[in-house]
Every structure is written in C-alpha cells, then in structure tokens.
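# A look at the structure
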Amino acid sequence: MVSSIFNPGRNGVSDWLIQRVSAVVLGLYTLFLLAWFLFNPSPDYYAWAGLFGSFWMKAFTLLALLSIAAHAWVGLWTVATDYIKPAAVRNGFVMFIILALFVFVVWGVQVIWGV
Amino acid sequence: MSKLQVSVYRYNPESDDAPWMQDFEIDTQGRDLMVLNVLQMIKEQDSSLVYRASCREGVCGSDGMNMNGRNGLSCVTPLSQVVKNDRLVLRPLPGLPVIRDLIIDMSLFYKQYERIHPYLQNDERPPSTERLQSPEDRDKLDGLYECILCACCSTSCPSFWWNPDKFVGPAGLLQAYRFLADSRDTHTRERLAELDDPFSVFRCRGIMNCVNVCPKGLNPTRAIGKIREMLVSHTA
Ligand code: SF4
Ligand code: SF4
Ligand code: FES
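Going by an unreviewed UniProt entry, chain B carries the name succinate dehydrogenase and comes from Kushneria aurantia. Quoted verbatim from the Sequence similarities (unreviewed entry) field of UniProt, the annotation for chain B is "Belongs to the succinate dehydrogenase/fumarate reductase iron-sulfur protein family."

Naming follows an unreviewed UniProt entry, where chain A appears as Succinate dehydrogenase hydrophobic membrane anchor subunit of Kushneria aurantia. Turning to chain A, the UniProt record has this under Function (unreviewed entry): "Membrane-anchoring subunit of succinate dehydrogenase (SDH)."

The following block contains the structure:
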C-alpha cells in the first residue's frame with residue numbers, strides 16, 4: 001500500500017462513491033443553469049441578483065462548489081499516484097492540490113454568501 | 001510474395017547495454033503459419049534468441065508476447081491475423097522487466113495473483129464426500145475458471161503499467177471474482193476487505209484493453225464490475 005500522510009486510510013469504495021455522487025450533483029447543477037439561461041437569454045443585474053440572492057440557490061451553489069472540490073481531489077490524487085513516481089514530487093503536487101482547492105472553496109463561499 | 005520481414009526485440013543484460021531490434025527474413029512459402037512457427041524458423045537462423053513456449057496449442061499460457069503491437073499467444077496467432085505489409089515486429093509483453101529477449105520477469109504478476117488467495121476457502125466442516133454445487137451455481141464460474149494466466153491482459157493494461165505493485169490487474173481480479181462467485185467459498189467478506197483500498201480494484205478505469213487481447217475470450221472488465229458492485233453493496 002501507498003502509505004503517507006497524504007493518504008490517510010483511504011478507502012476505494014468511498015472514493016468511488018464520492019466521484020459518482022459529486023458527478024451527479026454537478027450534472028444537475030449544469031442542467032439547472034442551462035434551463036435558467038433558456039428562460040433568461042440575456043440576464044441583467046437584477047436577474048442575476050434575484051437568482052443568487054435566494055437561499056436555496058446559495059445552498060445549491062455551495063453544494064456544487066463542494067462537489068467540484070471533492071471530485072477534483074479524488075481525481076487529481078489518482079492522476080498523481082498514476083503518473084508521478086518520485087514521492088517528494090508527488091507529495092508536493094498533492095499538497096499544492098489541497099491548498100488550491102482550499103483557497104477555491106473559501107473564496108467561493110465568500111462570493112456566494114456575499115451576494 | 002511470401003518473404004516475411006521479421007523484427008525481433010533482443011536484449012541480453014550480460015552483453016547488451018540496451019535493447020535492440022534484430023531483423024530476419026523468413027520464407028513462409030505462402031503458408032499462414034502461427035507466429036510461434038516463425039520464431040522456430042528464426043531460432044534455426046540464430047540460436048541465441050530465447051523465448052518461452054511449451055504446449056503450442058494455447059493451453060499453457062507461456063508464450064504471451066507483443067506481436068505488431070498487440071498482446072497474444074504466439075502459438076495460436078496466425079500470421080494473417082497480425083501481419084500487415086509482410087512485416088512482423090515481435091516484442092516481449094510490455095510493462096514488466098525483461099530477463100532476456102522475449103522473456104519477461106513475471107514475479108509482480110504472480111505476486112498479485114497470490115494476493116487474492118486463488119484457492120477455495122471454506123470454514124465449514126468438510127462433508128464426507130465432496131462439497132456439492134447446483135448446476136446454476138456451477139454456471140457462475142464459466143468465463144472465469146478458463147484463465148491460463150498468460151498475462152496478455154495485465155500487461156496491456158495501463159493501470160497495471162503504472163501501479164503493478166498495488167493494482168491487482170485484470171488477470172488477478174478475474175480470479176478474485178472466480179472465488180467470490182463460488183458458492184462453496186465462505187470467505188467473501190475477508191476477500192472483499194482486502195480489495196477495498198483505492199488501488200487493488202478501483203484503479204481499473206474500464207479501458208477494456210484486457211478484454212480486447214484475452215486469447216481465451218474472457219472478460220476481466222465484467223468481473224471487475226461485479227467485484228465493485230459487491231464492494232459497494234457490502235460497504236453501504
Ligand atoms: S484473462 Fe485471458 S489474457 Fe488474462 S491471463 Fe487469463 S487467459 Fe490470459
Ligand atoms: S478494463 Fe480495467 S483491467 Fe482491463 S485493461 Fe482496462 S483498466 Fe485494465
Ligand atoms: S505455447 Fe502454450 S499457450 Fe502457447
């Protein structure tokens with residue numbers, strides 16, 4: 001087994017389920033946005049504010065944001081362990097992913113709840 | 001037009017710094033020979049070439065090799081199936097260390113096979129005669145037990161190339177499922193517990209190279225899907 005601090009007791013089944021569930025969430029979010037654009041072909045500021053001002057849209061967007069982060073985390077960790085063999089380089093890359101996703105989520109939350 | 005240009009991978013770690021390709025011209029006299037026959041003719045020209053083969057009828061699984069880019073058993077692969085423009089390139093199975101010429105070191109392959117405990121495990125008291133199985137339960141082993149461990153599948157699988165020490169690979173997983181599916185085996189839980197990490201089973205990306213090359217027409221991808229189903233339902 002690959003054991004390192006970047007690999008704490010990972011379970012393949014939960015990784016696999018995370019990938020599937022997050023993919024479904026992202027699919028639904030995309031479909032929803034497409035449908036919304038269909039009814040609001042050229043949205044102005046008020047249309048945007050109305051959409052993202054509602055609590056459920058914020059919650060849905062947050063869920064999508066977390067899904068992207070989880071999906072990217074599992075996927076990129078897999079890519080790293082497939083293709084990056086030197087442990088130091090791999091761990092550096094994994095650390096960078098964690099940091100980038102963290103920044104992405106915090107920043108995203110700030111944007112969503114700032115509306 | 002019956003002269004075949006054959007290019008063979010040569011490597012002798014005792015005398016060669018690096019692998020090289022040696023060219024031979026073989027007169028097939030227009031016959032659709034098996035690739036193994038061509039290798040035998042080459043060996044008459046240059047007896048230093050080494051390869052493995054035994055049964056020469058697709059039973060022992062010892063002559064897996066890469067023929068014009070495709071893994072298969074040389075003894076049951078007719079030239080008409082792989083040769084294009086009278087050219088044939090023979091290389092060892094990819095992804096594992098080469099011992100010499102077309103012979104690879106299969107230790108990692110066997111280690112993965114060993115890991116899945118390829119034998120029946122049953123804690124119940126043995127009956128006085130034999131453990132019976134219904135014809136329906138026996139049918140579940142079809143398409144699984146026929147594997148001859150030739151390694152054509154695992155050495156064509158990119159996931160196995162990247163992680164041969166952690167990903168069991170299609171051949172090992174087909175056998176893992178062969179025992180998971182056996183009604184006489186009582187170690188289902190223990191077997192699954194050893195496979196639930198992110199590598200052993202879940203590195204399969206469903207590329208299906210394995211299905212594409214299996215000389216026995218088996219389907220490791222389907223077996224891997226079944227194991228995944230079992231893992232998910234046993235965890236949930
Ligand atoms: S599954 Fe097919 S290709 Fe793989 S080892 Fe068995 S017989 Fe060979
Ligand atoms: S289906 Fe899975 S086991 Fe078969 S070649 Fe693809 S990744 Fe490998
Ligand atoms: S020589 Fe036995 S399978 Fe080809």
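What follows concerns the overall build of chain B. Looking only at helices and strands, chain B has 9 helices and 7 strands in total. Taking the principal axes of its C-alpha atoms as reference, chain B extends roughly 60 × 35 × 30 Å. Among the 236 residues that make up chain B, the fraction classed as buried is 49%. For chain B, contacts bridging at least 24 residues in sequence account for 64% of all contacts bridging at least 6. In the form shown here, chain B has an accessible surface area of approximately 11800 Å², with 48% of it arising from carbon and sulfur atoms.

Taken together, B:Cys147, B:Ile148, B:Leu149, B:Cys150, B:Ala151, B:Cys152, B:Cys153, B:Ala171, B:Leu174, B:Cys214, B:Pro215 and B:Lys216 form the complete shell of residues around ligand 1. When its residues are assigned to classes, the shell around ligand 1 shows 11 nonpolar, no polar and 1 charged.

With that out of the way, let us pick up the site of ligand 2. For ligand 2, the full set of nearby residues is B:Cys157, B:Phe167, B:Pro170, B:Cys204, B:Arg205, B:Gly206, B:Ile207, B:Met208, B:Asn209, B:Cys210, B:Thr221 and B:Ile224. Listed by contribution, the elements that provide at least two residues to the shell around ligand 2 are helix H8 (209–213) and helix H9 (220–235) of chain B.

Here the focus is the domain arrangement of chain B. All names here are of chain B. Partitioning chain B into domains gives domain 1 (3–104) and domain 2 (107–235). Taking the mean C-alpha position of each, domain 1 and domain 2 sit 29 Å from one another. When domain 1 packs against domain 2, the two sides together hide about 1100 Å² of surface, and 63% of this comes from carbon and sulfur. The largest contributions to the domain 1 side of the interface with domain 2 come from Arg70, Asn71 and Leu96, which together make up 41% of the buried area. Summed over the shared surface of domain 1 and domain 2, the number is 0 salt bridges. If you look at where domain 1 meets domain 2, you find 4 residue pairs in polar contact (both at pLDDT 80 or more). The element contributing the most residues to the side of domain 1 that touches domain 2 is strand E4 (residues 70–73), with 4 residues. Taken together, the residues of the side of domain 1 that touches domain 2 sort by class into 6 nonpolar, 6 polar and 1 charged.

Definitions and limits used
Residues numbered from 1 in each chain as written. Chains lettered and ligands numbered in written order. Predicted model: local features only at pLDDT ≥ 70, side-chain atom pairs only at ≥ 80, totals over all residues. Heavy atoms only, no water. UniProt positions renumbered as here; feature names shortened; annotations may be inferred. Helix = DSSP H or I, 4+ residues; strand = E, 2+ residues; numbered from the N terminus. Buried < 20%, exposed > 50% of the residue type's maximum accessible area, 1.4 Å probe, protein only. Contact = heavy atoms within 4.5 Å. Areas by Shrake-Rupley, 256 points an atom, 1.4 Å probe, with all protein chains shown as cover. Near = heavy atom within 4 Å. Nonpolar A, V, L, I, M, F, W, Y, C, P; charged D, E, K, R; others polar. Domains from an automatic or database assignment. Buried area = accessible area lost by both parts, 1.4 Å probe. Salt bridge = Lys/Arg side-chain N within 4 Å of Asp/Glu carboxyl O. Polar contact = N/O pair within 3.5 Å; in protein donor to acceptor, adjacent residues only side chain to side chain.

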